[in-house]
Amino acid sequence: MNNSVRVSVIMPVYNDYKFLESAINSILTQSFKDYELIICNDGSSNKECLNILAKYRSNEKVIILDNENNLGLPKSLNRCIDVASGKYIARMDGDDISLVDRLETEVCFLDENHDIDAVSSFASIIDEFDVCNGSIKYPLCPTFKQVLEGSKFVHPASMFRKEALLDVGCYRTDLLSTKGRCEDYDLWCRLYEKKHNCCNIDSVLIFYREEQNSYRKRSKISYKYNYLVKLEWRKKFKHLKPSFKSIFIAFLHWILPEKISFYFHKKKVEKKVKKSL
């Protein structure tokens with residue numbers, strides 16, 4: 001492992017195993033070679049997950065951190081950032097697939113655009129069978145108002161200047177962010193709050209996985225805290241007059257019976273897929 005690399009790819013893992021090897025290999029086969037892959041094993045107990053991670057512990061490109069207990073996504077991400085040596089920090093999840101030129105494209109973009117501190121891209125949506133069901137496309141240069149209304153970036157496709165992440169304190173680790181599963185939304189809001197410029201590349205650089213039962217990943221309590229985080233940001237920047245549609249939806253998911261909440265979230269995912277076809 002080199003003492004310093006240009007890109008540190010950070011990947012939190014907690015009992016992921018079905019698509020983990022594909023996710024890791026999509027980074028190890030990148031056209032851009034000056035990187036390190038930092039995986040934080042967040043107290044996983046699943047044997048298949050642990051066996052997969054064991055295969056990569058001797059790889060010179062891979063650093064595996066082990067949390068004794070399950071600390072949660074934000075703290076695991078911050079631990080990766082703490083040991084990262086790269087100028088740029090790239091996010092990656094344990095079930096998505098980065099296209100072979102993802103890192104190269106994002107590095108070139110940030111190298112050429114010194115006024116941009118974070119970048120993401122469009123994404124193709126795949127299911128558990130690797131079948132492409134559509135795409136996700138956001139505005140190329142989202143406004144702060146748009147970001148307040150709901151994150152306008154595919155987070156596992158994002159790359160940041162490390163200095164920008166340090167400037168905003170990295171990922172928020174309090175109860176609201178952790179329980180609300182909205183550490184990405186909160187991070188983008190804080191980047192905009194501190195006047196960091198962020199944008200999207202108009203190319204698909206990642207296969208973003210949406211399984212048929214992915215809507216079940218959120219619990220009732222997560223919707224409650226998700227609502228509270230979004231409400232907090234809207235109150236802080238109410239002068240921008242952001243739409244309250246997404247926060248109203250989060251509130252409904254919190255108060256509605258779980259079966260109804262799951263039904264509407266599933267329909268939302270299906271609508272997103274159909275709209276992008």
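Refer to the structure printed above.
This report concerns the structure included in the present document. (Residues numbered from 1 in each chain as written. Predicted model: local features only at pLDDT ≥ 70, side-chain atom pairs only at ≥ 80, totals over all residues. Heavy atoms only, no water.)

**Re the overall build of the protein**
Point 1. Secondary structure assignment for the protein yields eleven helices and nine strands.
Point 2. Of all intrachain contacts in the protein linking residues separated by at least 6 positions in sequence, the fraction that spans at least 24 positions is 80%. (Helix = DSSP H or I, 4+ residues; strand = E, 2+ residues; numbered from the N terminus. Contact = heavy atoms within 4.5 Å.)

**Here we look at the pairing of strand β3 (residues 62-66)**
Point 1. Looking at chain direction, strand β2 (residues 35-41) and β3 are connected through five bridges and run parallel. Its bridge partner lying in β3, Cys 40 is registered against Leu 65.
Point 2. With helix α2 (residues 47-56) bridging β2 and its parallel neighbour β3, the resulting β-α-β unit is right-handed. (Pairing = 2+ DSSP bridges. Right-handed = clockwise from strand over helix to strand, strands pointing away.)

**Some words on the packing of aromatic side chains**
Point 1. Inspection of every chain in the model, using the stated rule, returns six aromatic pairs.
Point 2. Ring plane angle 40° and centroid distance 5.2 Å describe the contact between Phe 160 and Trp 188, whose orientation is recorded as tilted. Linking Phe 160 in strand β8 (residues 159-161) with Trp 188 in helix α8 (residues 183-193), this pair joins segments that are 28 residues apart in sequence.
Point 3. Overall, Phe 160 belongs to the buried group, its relative accessible area being 1%. (Phe/Tyr/Trp six-rings, centres within 6.5 Å; stacked < 30°, edge-to-face > 60°. Buried < 20%, exposed > 50% of the residue type's maximum accessible area, 1.4 Å probe, protein only.)

**Focus on the nonpolar core**
Point 1. Judged by nonpolar contacts, the single largest core of 37 residues is most densely connected at Val 7, Met 11, Ile 39 and Met 159.
Point 2. Tallying contributions element by element places helix α1 (residues 20-28) first for this core, with five residues.
Point 3. When residues no more than four places from it in sequence are discounted, the contact partners of Met 11 are Leu 20, Ala 23, Ile 24, Leu 37, Ile 38, Ile 39, Cys 40, Met 92, Asp 93 and Gly 94. (Core = buried A, V, L, I, M, F, W, Y, C linked by side-chain atoms within 4.5 Å.)

**Overview of α8**
Point 1. Most of α8 is tucked away, with nine of its eleven residues classed as buried.
Point 2. By the burial criterion, the buried members of α8 are Glu 183, Tyr 185, Asp 186, Leu 187, Trp 188, Cys 189, Arg 190, Leu 191 and Tyr 192.
Point 3. Two residues or fewer after α8 comes Lys 195, characterised by a positive phi angle close to 65°.

**Section: the packing of α1 against α2**
Working note: a packed helix pair is described by the angle between its axes plus the distance between those axes.
Point 1. Close contact between α1 and α2 brings their axes to 10 Å; oriented N to C, the two are set at 20°. If you check the angle between α1 and α2, you find them roughly parallel. Between α1 and α2 the crossing geometry is right-handed. Note on element contacts: α2 touches α1 through Cys 49, Ile 52, Leu 53, Lys 55 and Tyr 56, opposite Leu 20, Glu 21, Ile 24, Asn 25 and Leu 28.
Point 2. When grouped by side-chain class, the residues that make up the contact of α1 with α2 number seven nonpolar, one polar and two charged. (Axes fitted to C-alpha atoms, helices over the stretch in contact; angles between N-to-C directions. Parallel < 35°, antiparallel > 145°, perpendicular 65-115°, else oblique. Left-handed = near helix turned anticlockwise from the far one by under 90°. Nonpolar A, V, L, I, M, F, W, Y, C, P; charged D, E, K, R; others polar.)

**A few points about the pairing of strand β4 (residues 88-91)**
Point 1. On β4, burial covers both faces: Tyr 88 and Ala 90 on one face and Ile 89 and Arg 91 on the other are all buried.
Point 2. By the bridge criterion, three bridges tie β4 to β8 in an arrangement that is antiparallel. Within β8, the position partnered with Tyr 88 by the bridge is Arg 161.

**Considering the pattern of salt bridges**
Point 1. A full pass over the atoms with the stated rule returns 13 salt bridges.
Point 2. Residues Asp 66 and Arg 57 are paired through a salt bridge, measuring 3.0 Å at the closest nitrogen-oxygen approach.
Point 3. Between Arg 172 and Asp 174 there is a salt bridge, with the nearest N and O atoms lying 2.9 Å from each other.
Point 4. The partly exposed category is assigned to Asp 174, whose relative accessible area is 34%.
Point 5. Within the structure, one salt-bridge network assembled from shared partners comprises Arg 172, Asp 174, Asp 186, Arg 190 and Glu 232. (Salt bridge = Lys/Arg side-chain N within 4 Å of Asp/Glu carboxyl O.)

**A look at the environment of Arg 79**
Point 1. Inspection of the secondary structure assignment puts Arg 79 in helix α3 (residues 73-83).
Point 2. Taking the C-alpha atoms as reference points, Arg 79 and Leu 65, separated by 14 residues in sequence, lie 8.3 Å from one another.
Point 3. Setting aside residues up to four positions removed in sequence, Arg 79 forms contacts with Cys 40, Leu 65, Asp 66 and Asn 67.
Point 4. Here the side chain of Arg 79 touches Asn 67 through a polar contact of 2.7 Å, side chain to side chain. (Polar contact = N/O pair within 3.5 Å; in protein donor to acceptor, adjacent residues only side chain to side chain.)

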